[in-house]
Amino acid sequence: TEEQAILDRAFEKIGVLNDSNLKADLNKRAENVQAKIRQRKNEINAKRAVQQAEATEMQEEVHLAKEKIQLLVDLNLAHKLTKQLNQVQDRIDYREKEERAVEAVRRVEKTKKQTDLDEARGLIQELRYNDQKKTLIERLDTIQELIDIRDKENIALAAVRIAEMNKTSEDAAYASEL
């Protein structure tokens, strides 16, 4: 920046001074100016990084913004930017939660296993109610009906096999009830 260029020239001119007391005093003052320039640059970089994280809602951008915020001296600004970043992180976390729920429903649709269905229901329960959640619940309910039918058929088949093996009237009656 222009300020940095001016300061660099000042450091050069200070370096050629002969008076050590004056030289030390001016160096100290120039270093203070350097620290303020660095601080201002860090503030600008942190703000831009948070804006980038807000725009992209990408985890990598959140991590980069956190690193930039850690360099800030102004704790109020750091707190404000961290709050903004936390909101971005919450949106990312929720989106990932939705993605896990959708993937779990897809898995249930393939496997048709009760354990997978129960896991998917648990993930869906954590979602806010909206059209997507409603659709996911409906998909699971349909699969649950299929699982229930399959389980009843399996129980009936098992009862018939037992009745055929045991050849008792009680087993035959139970199998015919199913």
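Since this is a predicted model, take the numbers as computed values, not measurements.

Peer 1: How would you summarise the packing of helix α1 (residues 2-15) against helix α2 (residues 20-56) if you had to cite specific residues and measurements?
Peer 2: Running from N to C, α1 and α2 point in directions that differ by 165°, and their axes come no closer than 10 Å. Regarding the angle of α1 to α2, the classification is roughly antiparallel. Read as a crossing pair, α1 and α2 show a hand that is left-handed. In this structure, α1 uses E3, Q4, L7, F11, I14 and G15 to contact α2, whose residues at the interface are K23, L26, N27, A30, E31, V33, Q34, I37 and R40. Residue composition of the contact of α1 with α2, grouped by class: 7 nonpolar, 4 polar and 4 charged.

Peer 1: Please provide a residue-by-residue account of the side chain of N42, values included.
Peer 2: For N42, the position within the fold is in helix α2. Beyond its immediate chain neighbours, meaning those up to four positions away, N42 contacts L71 and L72.

Peer 1: With reference to specific residues and values, describe the side chain of Q34.
Peer 2: Structurally, Q34 can be placed in helix α2. In contact with Q34, not counting residues within four places along its chain, are Q4, L7 and F11.

Peer 1: Mind laying out the pattern of salt bridges, listing which residues take part and the relevant values?
Peer 2: Opposite charge on two side chains allows them to pair when their charged atoms are near. Under the defined criterion, the tally for this structure stands at 11 salt bridges. The partner of K97 in a salt bridge is E126, with the nearest N and O atoms 3.9 Å apart. Taken as a pair, K97 in helix α4 (residues 75-111) and E126 in the loop between α5 (114-125) and α6 (131-166) lie far apart in primary sequence, 29 residues in all. Judged by relative accessible area, E126 falls into the partly exposed class, the value being 47%. Put simply, R121 and D141 hold a salt bridge, and the shortest N to O gap is 2.9 Å. With a gap of 20 residues between them, R121 in helix α5 and D141 in helix α6 connect regions that are remote in the sequence. Here R121 falls in the partly exposed class, since its relative accessible area comes to 28%. Overall, D141 belongs to the partly exposed group, its relative accessible area being 33%.

Peer 1: Tell me what's going on with the nonpolar core, and back it up with residues and numbers.
Peer 2: Counting 15 residues, the largest nonpolar core has L136 and L140 as its most contacted members. If you list the elements that add at least two residues to this core, you get α4, α5 and α6. Here the element with the most residues in this core is α4; it accounts for 6 residues. Those residues in contact with L140 that sit more than four places away from it in its chain are V105, V108, L117, A120, R121 and I124. Membership of the second largest hydrophobic core comes to 14 residues, among which are A53, V62, L72 and V88.

Definitions and cut-offs
Residues numbered from 1 in each chain as written. Predicted model: local features only at pLDDT ≥ 70, side-chain atom pairs only at ≥ 80, totals over all residues. Heavy atoms only, no water. Axes fitted to C-alpha atoms, helices over the stretch in contact; angles between N-to-C directions. Helix = DSSP H or I, 4+ residues; strand = E, 2+ residues; numbered from the N terminus. Parallel < 35°, antiparallel > 145°, perpendicular 65-115°, else oblique. Left-handed = near helix turned anticlockwise from the far one by under 90°. Contact = heavy atoms within 4.5 Å. Nonpolar A, V, L, I, M, F, W, Y, C, P; charged D, E, K, R; others polar. Salt bridge = Lys/Arg side-chain N within 4 Å of Asp/Glu carboxyl O. Buried < 20%, exposed > 50% of the residue type's maximum accessible area, 1.4 Å probe, protein only. Core = buried A, V, L, I, M, F, W, Y, C linked by side-chain atoms within 4.5 Å.

By themselves these figures say nothing about function.
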